[in-house]
Protein chains: 2
Amino acid sequence: MSDRVPILRIGENLLVSIQIDLDDQTVMNLQEDLAAQVVKYGARGVVIDITAAEIVDSFVGRMLSTIASVSRLLDAETVVVGMRPAVAITLVELGLSLGGVRTALNLEQGLAILAKRASAGAAGR
Amino acid sequence: MSDRVPILRIGENLLVSIQIDLDDQTVMNLQEDLAAQVVKYGARGVVIDITAAEIVDSFVGRMLSTIASVSRLLDAETVVVGMRPAVAITLVELGLSLGGVRTALNLEQGLAILAKRASAGAAGR
């Protein structure tokens, strides 16, 4: 049986911390769980913390892109935080520049980006 | 004979609720009817509610993109509301990220987005 990656709620945002090695089924489960929770809670943002990921291959890179695209379709923004320098280099070498994905140095800054966007949206209402 | 999808007016916006299985002719009719009504009523926004759509294939995905592009050319913004998590995942897997299409969780939020834009536009005039 595959592991499931836990998804935490912080206010209007969902937080996923990637800590285990991800096999295909775990990634599929994560994508489905995340999409379901974005809709269920009307989440405005998704933070994916990859601090614990020493290695990010093209499989995980594509997962990050897919999660960002799915979340955008569900009206939530994705921020990837905690990327190691070596991981960034690997992703670019793999040709995965994560076009539509916002990044931030750490969790605090990631949440700040989402809060800023939320208040900008609210101010205009 | 093909069905026609009803188009409702709510203030400055048009609302389409996708509830039936769409064949090619119905989609063509909908695109034409919608474009005609956007011009006729000077609509500022188009809301497409796909809550009732359990499955969205590439055909319907492309329709959403086309309607958004046509409406934009006629100076109306399109918001797709009520997308199910599974539908969002399918669209991304099909490579249809609906680039130019704004999404919202439900009809209320979709109308709020259009109202916000309308007031922002009015303030800037």
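Located above this text is the structure these notes cover.
Structural notes, computed from the coordinates.

Calculation criteria
- Residues numbered from 1 in each chain as written.
- Chains lettered and ligands numbered in written order.
- Predicted model: local features only at pLDDT ≥ 70, side-chain atom pairs only at ≥ 80, totals over all residues.
- Heavy atoms only, no water.
- Helix = DSSP H or I, 4+ residues; strand = E, 2+ residues; numbered from the N terminus.
- Rg over C-alpha atoms; globule rule 2.2 N^0.38 Å.
- Buried < 20%, exposed > 50% of the residue type's maximum accessible area, 1.4 Å probe, protein only.
- Areas by Shrake-Rupley, 256 points an atom, 1.4 Å probe, with all protein chains shown as cover.
- Lys, Arg positive; Asp, Glu negative; His and termini not counted.
- Charge placed at Lys NZ, Arg CZ, Asp CG, Glu CD.
- Least-squares fit on C-alpha atoms with pLDDT ≥ 70 in both.
- Contact = heavy atoms within 4.5 Å.
- Buried area = accessible area lost by both parts, 1.4 Å probe.
- Salt bridge = Lys/Arg side-chain N within 4 Å of Asp/Glu carboxyl O.
- Polar contact = N/O pair within 3.5 Å; in protein donor to acceptor, adjacent residues only side chain to side chain.

**Considering the overall build of chain A**
Broken down by element type, chain A carries four helices and five strands. When the helices and strands of chain A are placed in sequence order, the string is β-β-α-β-α-β-α-β-α. Rg of the C-alpha trace for chain A: 14 Å, near the compact-globule value of 14 Å for 125 residues, within the 12% margin. When its C-alpha atoms are laid out on the principal axes, chain A stretches across 40 × 35 × 20 Å. Counting every position in chain A, which comprises 125 residues, the buried fraction comes to 43%. For chain A, the exposed area adds up to about 6600 Å²; of that, 53% sits on carbon and sulfur atoms. Taking the average place of the 11 positive charges on the side chains of chain A and the average place of its 14 negative ones, the gap between the two points comes to 11 Å.

**Quick notes on the relation of the copies chain A and chain B**
For the match of chain A to chain B, the screw axis carries a shift of 1.7 Å, the RMSD comes to 0.1 Å, and the turn is 77 degrees. Put plainly, the chains are arranged around a five-fold axis. Across chain A, the smallest distance between a C-alpha and the rotation axis is recorded for Gly99(A), namely 9.9 Å.

**Brief notes about the environment of Asp21(B)**
Note on placement: Asp21(B) falls in the loop between strand S2 (13-17) and helix H1 (24-41). A sequence separation of 85 residues divides Asp21(B) from Asn106(B), and the C-alpha atoms of the two residues are 21 Å apart.

**Points about the interface of chain A and chain B**
Taken together, the contact pairs 18 residues of chain A with 19 residues of chain B. Together, Arg72(A), Leu73(A) and Asp75(A) form the three largest contributors to the area buried by chain A at its contact with chain B, with a combined 39%. Between the two partners, chain A and chain B, sit one salt bridge. A salt bridge links Asp75(A) to Arg102(B); the nearest nitrogen and oxygen atoms lie 3.1 Å apart. Here chain A and chain B share six residue pairs in polar contact (both at pLDDT 80 or more) between them.

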